[in-house]
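Notes for the structure review
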Amino acid sequence: MLTTVVAISLVIVLLLAASAFFSGSETALTGANAARMHLLAKGGDRRAARSERLIAIKDRVVSAILIGNNLVNILASALATTLFSTLFGGFGVVVATVVMTVLVVVFAEVLPKTFALREPDSVALRVSRPLALLTGLFAPATFALQRVISLLLPTPKADDDEGEEALRGAIALHATSGDAEDEAESQMLGSILDLEDVAVDEIMTHRSQIESLDLGQSNADLIDSVLNSTFTRLPVWREQPDNIVGVLHAKNLFRALRKADGDPDKLDIGKIVATPWFVPGTASLLEQLQHFRSRREHFALVVDEYGGLEGVVTLEDILEEIVGDIDDEEDEVRRGIQREAGGSFIIDGEISLRDLNRNLSWRLPDDRASTLAGFVLYESRQIPEVGQVLSFQGFQFEILGRDRLRITRLRVTPESVLAQRRRNQRKTSEQNTP
């Protein structure tokens, strides 16, 4: 009798251990970092490669785990009921239920799953081989189970953006550490993902701000214009500014000037200029970046759907969308954003909404306009006068300057600042009231 009790008890312990293995393996597999497993697998780790294959067929593996877990739990409960019924008679069923519930919950569920949650990658690597064997062993049963599930539940639609959303979530989580470096890294990573959603005409330099050269000028005047410019590449036009016939690189000009012994009259500027490269304004920044790389170009002219010149985009413009503004010793200092003591901002109308949102952590919509001036025109549906005050999207916009029909300067005040001012005014009024 004693030998039988000991034997059944040992079998129950082994079954509980198997149940703990199944529970921990399921948690580890579902919680393992797929990206880390992929990197380890590329580095030659066989266990990581095996884990990566298991994660790819997670539904089948989880089904096999559940089948094995239920088998051992049911068998352990049946043996415990037999054992305690032998020891305690009819009351043994109640004893077996209580004892097995405690043992299964504590030792076969909570403990192994908690451990697996703390070290999911490590546990997934360790259990990859037995799980692979288990999945193969239960393959017929899991295949039948999957067929039944597919009949009962509709097949989920594939979401192409799921991976990108998960990556964006990981980047946003990385920024919550409070570390300034982590926030900067997260901002750059997020900007890389945004390259496909941003069009070239949203970041280009508008045609009204382009520095260009008139090929009809004398060579001496052209050289002076290049020397006085902060740019190394300048569009060249003939007869009218929209008629771009080439792009002049300062380095090529000065090389040719040296060969001409420094005599501008000996130069043929038309032979020095490069063929202009025109790109559509609707192209995404990711596409344009790839074109820059494949063509080994840094400069492109942007045209609209009618072939009209819209502006200029450079490789530096795209890089600045990722890392922020890049200024060198030749760049002019732009004071496009000036903070006032009261919480308002004096902003140039040509400042892009993307720069504003990035620098001031605002969320002004940039799907209808690319600059602050364009945004105000779109939202107000009018050309406001100097001194006019407009309110929308949680901000107050006061027009400070206008050049003909173009808004040049604005005072922008967030609604939260205005609300605080109103509260302060009420407090002051209440204090002054006798």
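Residues numbered from 1 in each chain as written. Predicted model: local features only at pLDDT ≥ 70, side-chain atom pairs only at ≥ 80, totals over all residues. Heavy atoms only, no water.

1. A word on the overall build of the chain
Across its full length, the chain holds 18 helices and 12 strands. Here the chain has a C-alpha radius of gyration of 35 Å; the compact-globule value for 434 residues is 22 Å, and the former is much larger. Based on the C-alpha atoms only, the size of the chain along its principal axes is roughly 115 × 80 × 40 Å. Counting over 434 residues, the chain shows a buried share of 36%. Contacts in the chain between residues at least 24 apart in sequence constitute 53% of all its contacts with a sequence separation of at least 6. If you sum the accessible surface of the chain, you get close to 26,600 Å²; carbon and sulfur atoms cover 54% of it. (Helix = DSSP H or I, 4+ residues; strand = E, 2+ residues; numbered from the N terminus. Rg over C-alpha atoms; globule rule 2.2 N^0.38 Å. Buried < 20%, exposed > 50% of the residue type's maximum accessible area, 1.4 Å probe, protein only. Contact = heavy atoms within 4.5 Å. Areas by Shrake-Rupley, 256 points an atom, 1.4 Å probe, with all protein chains shown as cover.)

2. Looking at the packing of aromatic side chains
For the structure on display, the rule yields 9 aromatic pairs. Note on tryptophan 277 and phenylalanine 292: the rings are 5.5 Å apart at their centroids and 85° apart in plane angle, and the pair reads as edge-to-face. Placement of tryptophan 277 in the loop between α13 (269–272) and β5 (278–280) and of phenylalanine 292 in helix α14 (residues 285–295) is noted, with a sequence separation of 15 residues between them. Residue classification places phenylalanine 292 among the buried positions, given a relative accessible area of 2%. Here the guanidinium or amino end of arginine 295 rests over the ring plane of tryptophan 277, the centre of that ring lying 4.1 Å away. The ring of tyrosine 378 carries arginine 381 above its face, with NZ or CZ at 4.3 Å from the centroid. (Phe/Tyr/Trp six-rings, centres within 6.5 Å; stacked < 30°, edge-to-face > 60°. Lys NZ or Arg CZ within 6 Å of the ring centre and 35° of its normal.)

3. Overview of the sheet that holds strand β10 (residues 389–392)
Spatial ordering of the open sheet is given by β8-β9-β12-β11-β10, a layout of 5 strands whose pairing is antiparallel. Since the sheet does not close on itself, it has two edges, and those belong to β8 (337–339) and β10, each with one partner. Shown here is a sheet whose adjacent strand axes are inclined to one another by a mean of 25°, direction ignored. Two elements, strand β9 (residues 345–348) and strand β12 (residues 406–414), share 4 bridges in a ladder whose sense is antiparallel. Among the inter-strand pairings, aspartate 348 is bridged to a residue of β12, identified as arginine 409. Sheet strands touched by helix α16 (residues 353–360): β8 and β9. Its angle to β8, the strand with the most contacts, is close to 35°. (Pairing = 2+ DSSP bridges. Axes fitted to C-alpha atoms, helices over the stretch in contact; angles between N-to-C directions.)

4. What to know about α16
Of all 8 residues in α16, 6 are buried, a share of seventy percent or more. Listed as buried for α16 are Leu353, Arg354, Leu356, Asn357, Arg358 and Leu360. Where α16 ends, the next residue or the one after it, serine 361, has phi of about 60°, a positive value.

5. Description of the side chain of serine 344
Along the chain, the position of serine 344 falls in the loop between β8 and β9. The exposure class assigned to serine 344 is buried, which follows from its relative accessible area of 2%. A polar contact is formed between the side chain of serine 344 and the side chain of threonine 413, at a distance of 2.7 Å. Non-local contacts of serine 344, meaning those with residues more than four positions away in its chain, are made with Gln338, Arg339, Arg411, Val412, Thr413 and Arg421. (Polar contact = N/O pair within 3.5 Å; in protein donor to acceptor, adjacent residues only side chain to side chain.)

6. Brief notes about helix α17 (residues 372–380)
Every buried residue of α17 is accounted for by Leu372, Ala373, Phe375, Val376 and Ser380. Down the axis of α17, the buried set is contained in an arc of 160°. They therefore lie on one face. Looking at the buried positions of α17, the neighbouring elements they touch are β9, α16, β10, β11 (395–403) and β12. In the segment just after α17, arginine 381 is the residue with positive phi, at about 60°. (Arc of directions from axis to C-beta.)

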